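Structural overview
Residue strings, one per chain:
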Number of protein chains: 2
Amino acid sequence: SVNPDLASERQIASFSVEKLTALLDGSAEQTRIRRAVVEAIESDPVFSRENQYFQTQNERYESAVRKAVHLQKKMHEMGWTENGPEYKYIYRALSGDVAFLLHRVFMRSISVLGSDKQIAKWIPLATQHKLIGSYAQTELGHGTYLQGLETTAVFDIATQEFILNTPKISAMKWWPGDMGRSATHTVVFAQLYVHGKCYGIHPFIVQIRSLQDHSLCPGVTAGDIGPKMNFEHIDNGYLLLKNVRIPRENMLSKFCEVQPDGTYVKQGSQKINYFTMTTVRISLISDEVLTPLMKACTIAIRYSVVRRQSKLKPGEQEAKILDYQTQQEKLLPQLAAAYAFHFIDDYLQELFNRGYREIQKKNFDMLPELHALSSGFKAMITQHCTAGVEICLRACGGHGYSLLSGLPSLYTKILASCIYEGENTILLLQAARFLIKCFMAASAGQPVPLSATYLAAVKHGKCPAKNKLDFLSPDIYTEAYQHVAVRLTSSTAAKLQDLIQSGVKKHDAWNQCTVQLVQAAKAHCHYIAVKNFAETVEKLETKAGIQKIMKHLCDLFALHGIFSNTGAFLHDGYISAAQMDMVTASYLDLLAVIRKDAVPLVDAFDFTDKSLNSALGSYDGQVYQRLYKWAQKSPTNQMSPAYERYLKPLLHNTLSKL
Amino acid sequence: SVNPDLASERQIASFSVEKLTALLDGSAEQTRIRRAVVEAIESDPVFSRENQYFQTQNERYESAVRKAVHLQKKMHEMGWTENGPEYKYIYRALSGDVAFLLHRVFMRSISVLGSDKQIAKWIPLATQHKLIGSYAQTELGHGTYLQGLETTAVFDIATQEFILNTPKISAMKWWPGDMGRSATHTVVFAQLYVHGKCYGIHPFIVQIRSLQDHSLCPGVTAGDIGPKMNFEHIDNGYLLLKNVRIPRENMLSKFCEVQPDGTYVKQGSQKINYFTMTTVRISLISDEVLTPLMKACTIAIRYSVVRRQSKLKPGEQEAKILDYQTQQEKLLPQLAAAYAFHFIDDYLQELFNRGYREIQKKNFDMLPELHALSSGFKAMITQHCTAGVEICLRACGGHGYSLLSGLPSLYTKILASCIYEGENTILLLQAARFLIKCFMAASAGQPVPLSATYLAAVKHGKCPAKNKLDFLSPDIYTEAYQHVAVRLTSSTAAKLQDLIQSGVKKHDAWNQCTVQLVQAAKAHCHYIAVKNFAETVEKLETKAGIQKIMKHLCDLFALHGIFSNTGAFLHDGYISAAQMDMVTASYLDLLAVIRKDAVPLVDAFDFTDKSLNSALGSYDGQVYQRLYKWAQKSPTNQMSPAYERYLKPLLHNTLSKL
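Residues numbered from 1 in each chain as written. Chains lettered and ligands numbered in written order. Predicted model: local features only at pLDDT ≥ 70, side-chain atom pairs only at ≥ 80, totals over all residues. Heavy atoms only, no water.

As for the environment of Ala153(B)
Residue and element names in this part refer to chain B. Note that Ala 153 resides in strand E2 (residues 152-156). Of the residues examined, Ala 153 reaches a relative accessible area of 0% and is grouped as buried. With 177 residues separating them along the chain, Ala 153 and Lys 330 place their C-alpha atoms 52 Å apart. Apart from the residues within four sequence positions on either side, Ala 153 is in contact with Phe 162, Ile 163, Leu 164, Ala 190, Gln 191, Leu 192, Tyr 193 and Phe 204. (Helix = DSSP H or I, 4+ residues; strand = E, 2+ residues; numbered from the N terminus. Buried < 20%, exposed > 50% of the residue type's maximum accessible area, 1.4 Å probe, protein only. Contact = heavy atoms within 4.5 Å.)

Re the packing of helix H8 (residues 271-306) of chain A against helix H10 (residues 367-395) of chain A
Residue and element names in this part refer to chain A. Close contact between H8 and H10 brings their axes to 9 Å; oriented N to C, the two are set at 20°. By the criterion of interaxial angle, the relationship of H8 to H10 is roughly parallel. As for how H8 packs across H10, the hand of that crossing is left-handed. For the contact of H8 with H10, a count of residues per class yields 18 nonpolar, six polar and three charged. (Axes fitted to C-alpha atoms, helices over the stretch in contact; angles between N-to-C directions. Parallel < 35°, antiparallel > 145°, perpendicular 65-115°, else oblique. Left-handed = near helix turned anticlockwise from the far one by under 90°. Nonpolar A, V, L, I, M, F, W, Y, C, P; charged D, E, K, R; others polar.)

Quick notes on helix H7 (residues 116-127) of chain B
In an α-helix, one turn spans 3.6 residues, which is why side chains three or four residues apart end up on the same side. Residues and elements named next belong to chain B. Over its twelve residues, H7 runs 16 Å from end to end, which matches the ideal 16 Å to within 8%, given 1.5 Å per residue. Of the positions making up H7, those classed as buried are Gln 118, Trp 122, Ile 123 and Ala 126. The buried residues of H7 all sit within an arc of 105° when viewed along its axis, so they share a single face. Away from its buried face, by an angle of more than 90 degrees, H7 presents the exposed residues Asp 116, Lys 117 and Ala 120. As for H7, its buried residues are in contact with helix H6 (101-113), strand E5 (185-194) and strand E6 (197-207). Positioned one or two residues after H7, His 129 has a phi angle of 55°, which is positive. (Expected span 1.5 Å × (residues − 1). Arc of directions from axis to C-beta.)

Some words on the pattern of salt bridges
Residue and element names in this part refer to chain A. Following the criterion strictly, the structure yields 67 salt bridges over all chains and no others. Between Asp 603 and Arg 10 there is a salt bridge, with its nearest N and O atoms 2.6 Å apart. Highlighted residues: Asp 603 in helix H19 (residues 598-603) and Arg 10 in helix H1 (residues 4-11), separated in sequence by 593 residues. Per residue, the accessibility class of Asp 603 equals that of Arg 10, and both read buried. (Salt bridge = Lys/Arg side-chain N within 4 Å of Asp/Glu carboxyl O.)

With respect to the relation of the copies chain A and chain B
Once chain A has been moved 0.0 Å along the axis and rotated by 180°, it coincides with chain B to within an RMSD of 0.0 Å. Such a combination of turn and shift is consistent with a two-fold rotation axis. Taking C-alpha positions as reference, the residue of chain A nearest the rotation axis is Gly567(A), located at 1.7 Å. When the interface residues of chain A are mapped onto chain B, 100% of them again lie at the interface, so the same face is used by both copies. (Least-squares fit on C-alpha atoms with pLDDT ≥ 70 in both.)

Side note on the packing of helix H10 (residues 367-395) of chain B against helix H16 (residues 514-538) of chain B
Residue and element names in this part refer to chain B. Direction vectors running N to C along H10 and H16 enclose 85°, while the axes themselves pass 9 Å from each other. What the angle tells us is that H10 and H16 run roughly perpendicular. Of H16, the residues touching H10 (which contributes Leu 373, Gly 376, Phe 377, Met 380 and His 384) are His 524, Cys 525, His 526, Ile 528 and Ala 529. Partitioning the contact of H10 with H16 into residue classes produces six nonpolar, four polar and no charged.

Digging into the nonpolar core
Ranked by internal contacts, the top residues of the largest apolar core, which has 332 residues, are Tyr339(A), Met550(A), Tyr339(B) and Met550(B). Top contributing element to this core by residue count: helix H15 (residues 506-538) of chain A, with 17 residues. The contact partners of Met550(A), leaving out residues within four places of it in the chain, are Leu20(A), Tyr339(A), Phe343(A), Phe533(A), Val537(A), Leu540(A) and Leu601(A). (Core = buried A, V, L, I, M, F, W, Y, C linked by side-chain atoms within 4.5 Å.)

A short note on a negative patch on the surface
On the surface, a cluster of negative charge is contributed by Asp475(A), Glu479(A), Glu538(A) and Glu541(A). Relative to the assigned elements, Asp475(A) resides in helix H14 (residues 474-501). (Patch = residues over 30% accessible without salt bridge, like charges linked within 9 Å, V, L, I, M, F, W, Y side chains within 5 Å. Areas by Shrake-Rupley, 256 points an atom, 1.4 Å probe, with all protein chains shown as cover. Lys, Arg positive; Asp, Glu negative; His and termini not counted. Charge placed at Lys NZ, Arg CZ, Asp CG, Glu CD.)

What to know about the pairing of E5(B)
Residues and elements named next belong to chain B. Most of E5 sits out of view: nine of its ten residues are buried. Bridge analysis of E2 against E5 gives three bridges, and the strand direction is parallel. Of the residues in E5, the one forming a bridge with Ala 153 is Leu 192. Inspection of the sheet shows E5 paired to E6 by nine bridges, in the antiparallel sense. (Pairing = 2+ DSSP bridges.)

Considerations on the UniProt feature "binding site: FAD" (unreviewed entry) in chain A
Residue and element names in this part refer to chain A. In this structure's numbering, the residues bearing the UniProt feature "binding site: FAD" (unreviewed entry) are Thr 138 and Gly 177. Separation in sequence by 40 residues is not matched in space for these annotated residues, since their most distant C-alpha atoms are only 10.8 Å apart. In this structure Thr 138 touches Gly 143, Met 172, Lys 173, Trp 174 and Trp 175, once residues within four positions along its chain are discounted. (UniProt positions renumbered as here; feature names shortened; annotations may be inferred.)

Section: the sheet that holds strand E4 (residues 173-174) of chain B
Residues and elements named next belong to chain B. If you walk across this open sheet you meet the three strands as E4-E8-E7, and the pairing is antiparallel. Either end of the sheet is taken by a strand with one partner, and the two such strands are E4 and strand E7 (220-224). As paired elements, E4 and strand E8 (residues 237-241) share two bridges and run antiparallel to each other. Bridging from a neighbouring strand, Trp 174 pairs with Tyr 238 of E8.

Regarding the UniProt feature "domain: Acyl-CoA oxidase C-terminal" (unreviewed entry) in chain A
Per the UniProt record, "domain: Acyl-CoA oxidase C-terminal" (unreviewed entry) is annotated on residues 474-651 of chain A. Taken end to end, residues 474-651 of chain A has its terminal C-alpha atoms 69 Å apart, with 77% of it in helix and 0% in strand.

Comments concerning the side chain of Ser109(B)
Residue and element names in this part refer to chain B. For Ser 109, the position within the fold is in helix H6. According to the relative accessible area criterion, Ser 109 is buried, its value standing at 7%. In this structure the side chain of Ser 109 is engaged in a polar contact, spanning 2.9 Å, whose partner is the backbone oxygen of Phe 106. Ser 109 has contacts with Gly 114, Tyr 135, Val 187 and Leu 252, leaving out every residue within four places of it along the chain. (Polar contact = N/O pair within 3.5 Å; in protein donor to acceptor, adjacent residues only side chain to side chain.)

What about the interface of chain A and chain B?
Taken together, the 133 residues of chain A in the interface contact 133 residues of chain B. For the pair chain A and chain B, the summed buried area comes to about 10,800 Å², and 63% of that belongs to carbon and sulfur atoms. At the boundary of chain A and chain B, one finds four salt bridges. Note that Glu62(A) is salt-bridged to Arg645(B), the shortest N-O span being 2.1 Å. The interface formed by chain A and chain B includes 58 residue pairs in polar contact (both at pLDDT 80 or more). Within the side of chain A that touches chain B, the residues separate by chemical class into 59 nonpolar, 50 polar and 24 charged. (Buried area = accessible area lost by both parts, 1.4 Å probe.)

Structure representation (structure tokens):
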């Protein structure tokens with residue numbers, strides 16, 4: 001039975017939840033396929049996450065391996081293939097709780113970096129799981145700066161082998177997933193040496209464990225890097241190599257080859273490979289970043305209409321906490337951001353598909369823009385969503401702090417997305433470098449990529465809004481965002497030039513501008529996200545019911561961004577103090593409007609109870625019953641030796657005399 | 001041997017680390033006492049936290065109980081007493097990793113709420129550990145709003161007993177520490193009923209487990225609430241009571257008593273009790289909030305001079321990451337905040353001591369101000385420090401994400417401080433209520449408490465700064481903070497009055513202003529923190545070397561607050577756009593100045609390696625060696641059944657045919 005405090009929220013929905021779900025999925029047919037996958041996965045007890053919060057790191061690893069193996073069987077049973085329409089929903093249905101994800105990266109890197117011969121040899125072995133692969137790039141002392149990697153691969157012309165070594169402790173491979181305990185093979189990135197000359201970083205296939213008994217190969221030391229904030233199910237590993245010999249054919253050689261006589265040959269263009277790296281950043285947004293935020297919103301918002309605390313009006317019963325303005329101000333902007341980022345994800349996917357088509361035609365013109373957008377948005381979205389999940393957790397008070405709420409795990413996992421696949425600050429500076437270049441080009445009257453053309457149109461006007469309702473006009477707020485992005489880019493470009501002209505060296509000048517460059521890159525992405533949301537809403541004109549609520553969310557996303565960062569808009573007077581008060585008024589009004597549809601808006605994300613795995617967020621809102629039931633199953637409710645060993649002697653005063 | 005990249009940082013210190021440590025401790029003598037306690041605790045293997053990151057919740061609990069029992073012995077051995085000078089350092093030396101903290105709260109509540117007779121009976125039993133106490137206030141459905149608690153205590157005149165019940169699942173006691181598995185007794189807060197009339201919430205001593213065999217008493221259901229984000233060492237518990245009878249004498253009766261005939265008698269003033277609640281909020285700041293931030297700064301800053309990544313200048317070796325402006329901008333403001341909050345903690349301690357002396361003279365005039373300050377600062381400091389620890393964690397990239405860095409545990413623990421002892425938003429609104437009252441009184445020419453007198457002096461001037469150096473003047477920035485606090489308080493008071501005058505009911509009007517009230521309360525606390533830091537620096541004139549670096553930190557704390565919240569200062573033009581650019585310039589300049597002393601500034605916190613328990617933060621900076629050594633000890637490097645069960649059949653293709 002549904003908690004009446006939750007049921008009543010659903011009765012007042014201003015739109016069709018089912019239609020919104022279909023919009024988010026792309027179509028009603030996609031929704032049907034997704035639900036079928038979820039149903040098949042969740043009805044299979046092997047894939048259960050029921051005991052997840054009670055398990056040790058060892059148990060989580062074992063369970064993830066079991067699931068990965070079972071998944072092969074399941075896919076065969078269900079007739080799912082890697083190219084089928086179901087495939088993209090499997091990982092989401094498993095909530096990522098499965099091993100061998102790096103096995104897929106191993107395969108992809110061979111497909112992209114390997115010669116046809118290498119692909120023909122290794123991909124079938126990997127597909128049939130005759131080996132388990134990993135991907136060993138990051139080292140204990142080296143992450144971001146690939147050129148600094150210290151692992152070496154020296155070509156031995158006599159034996160036609162490469163000799164691999166991790167010469168120092170900082171050269172040890174560290175972090176590769178699936179490598180700590182599972183992998184038999186891995187792609188190792190190492191500095192290539194031929195005849196004493198260094199040719200830089202190249203990829204090599206290295207066997208690390210016996211295919212017979214899984215023992216470590218000669219010269220190999222490997223293991224698990226130990227406890228982490230999350231990812232207990234993954235065996236992130238370390239790897240030391242001491243004179244490990246591999247045949248010449250194991251250097252992945254689509255782009256570079258060492259011939260038998262030691263001649264180093266470059267061939268083809270690596271640009272497509274570069275493109276692959278940027279698409280990875282975009283592809284992780286949906287599953288690793290948006291889904292957790294959507295889950296956190298679902299949990300926190302359902303809980304906030306079931307939890308009653310204190311009184312809003314004297315004499316009445318205690319109020320739902322979502323009726324407090326402060327609680328709305330915590331949660332509803334996160335909800336709006338989840339929608340905004342869902343739509344920007346669509347935009348990025350489309351853009352990258354277009355880019356891919358161009359690149360296949362050997363047109364690489366879009367690459368710098370795609371790199372900047374993938375970098376900037378990866379950083380912006382992971383940052384916002386991580387902060388959003390944390391806000392949801394805190395907004396649930398003590399119960400949010402229990403692992404049984406599901407929120408701590410969502411937080412500790414999403415936090416990693418700010419670091420992996422490019423640390424966010426580094427990525428924002430990459431995006432900023434592109435922006436500065438575009439700004440300079442635009443100032444010189446040269447053409448610039450589409451997403452940056454607005455930088456050419458420096459406007460010195462003022463915001464034309466006359467009352468608070470004007471701030472519900474997408475033109476008004478989109479232009480305000482544009483103005484700020486232009487101002488931050490141009491002022492930082494000016495500072496950079498001033499420094500250089502005053503004699504500061506270029507790299508020093510760059511470093512002295514980086515705090516402001518990061519701000520400019522964020523402003524650029526925020527502008528595009530707002531603009532894209534507004535355009536998406538406009539295109540919904542045939543779906544009146546949904547368009548209206550999406551318009552509210554778009555307004556909230558935009559105004560929350562201004563309200564949280566008023567200085568950027570006030571700085572040069574583009575928005576005046578009086579106008580900023582209008583923004584605040586409209587923003588606070590919107591909270592009360594969207595609050596009414598808050599539960600239907602999270603229902604539309606369509607998470608099952610099993611996928612939320614949360615005592616606070618279930619569809620029926622029976623929060624307290626679930627917390628109590630789950631707590632009773634905790635291993636902390638088994639007998640502890642602490643009583644006999646310490647408590648009893650203490651209480652019975654039979655401890656050796658003090 | 002100390003890593004040379006760390007050693008070189010210490011050679012350029014601009015001040016005496018030892019003198020700064022003594023300043024932080026209060027005197028060189030205090031430093032000596034503290035170090036003796038730390039040495040005694042850390043040299044005792046029972047108190048080791050070496051394996052903490054590898055332990056399960058059950059193991060953590062068992063270890064914490066063992067330590068608590070052993071601590072009794074240790075104190076006796078060392079001659080430490082609860083009134084001795086060593087006592088306050090013990091908890092810090094243990095890093096809080098010990099059980100029976102609620103036993104102390106149990107004792108304090110009896111001392112404060114019990115009659116002399118009750119104190120005489122229970123305190124000796126508790127002191128000698130003939131029982132283990134807990135404190136059961138929070139319920140599954142009730143936290144903040146104490147009047148909403150649902151547990152009942154009905155007086156049975158026939159048997160002279162109270163009958164205790166938790167009538168609904170939401171009435172179940174939930175969260176009390178030491179209660180899940182250890183406690184034999186607890187103080188239960190329940191609605192008192194006599195002759196069918198409810199007299200509100202009162203405290204009752206209830207035995208929950210047998211003193212003989214620790215089995216649950218009749219009518220009692222209790223256990224552990226399961227996994228949490230941290231506090232694995234504490235057995236936070238649940239408690240269901242079904243017709244549990246306790247003698248009339250077990251109602252704590254210093255202030256209220258039920259006489260044998262059922263007459264309810266009030267006696268004395270509860271105001272002193274109210275004062276106790278506010279002091280708890282202040283007392284937790286040092287150990288639970290500042291120490292974790294100081295530890296996080298120590299770890300992240302030491303790591304940032306040892307970690308080298310990418311190049312600042314072409315051709316040079318990779319740069320220390322602390323030499324990047326963006327890294328400085330992450331870490332150094334946290335360092336400045338740690339010092340700012342240390343000094344505000346001193347200020348609050350002094351104020352509360354003064355308040356206590358007044359209260360002992362039956363003068364309760366200071367209570368509202370003390371309540372507002374304890375609420376506001378508890379919220380502000382826990383919020384800032386939690387965010388600061390998170391920034392430190394993220395600033396260490398992948399290695400920060402490993403539990404072995406120590407940072408995840410610091411974060412997940414400090415996060416709870418935003419929720420317990422009053423949820424932060426609620427507390428900020430309490431502080432805001434006081435501010436609004438003071439503002440109204442001041443506007444009407446009435447006297448207001450000292451910390452709020454500035455509200456009377458509404459100034460409409462402009463910031464007089466003419467160049468970026470002017471913003472290094474404490475008068476300039478302190479006045480700017482004051483201006484913002486006054487503006488936010490007065491504008492919110494005006495909005496509140498407008499709403500009420502336009503016919504909105506008072507409680508609705510209040511709710512509609514809460515987002516802005518929270519801002520006002522934060523601005524008030526921030527102003528006081530800046531002002532106090534500036535005054536503290538001024539008093540250091542006899543300590544020239546230290547005064548200089550403290551002045552830099554004070555400037556950084558103040559300017560970072562402006563830089564991060566520019567809108568508040570720009571809004572009414574108090575600071576102009578041109579002046580804000582000066583703030584930014586001065587702020588960024590300061591980062592480069594303080595960076596030079598960053599390591600000595602964290603060395604002065606004087607944490608031992610054992611107390612940091614971090615592979616990244618040790619005094620010798622041997623980061624990679626430690627990470628590798630620790631990882632090898634992880635239980636995840638033991639044999640896993642996953643190989644025989646799943647991996648081997650998969651690799652050998654002996655899984656049942658797909």
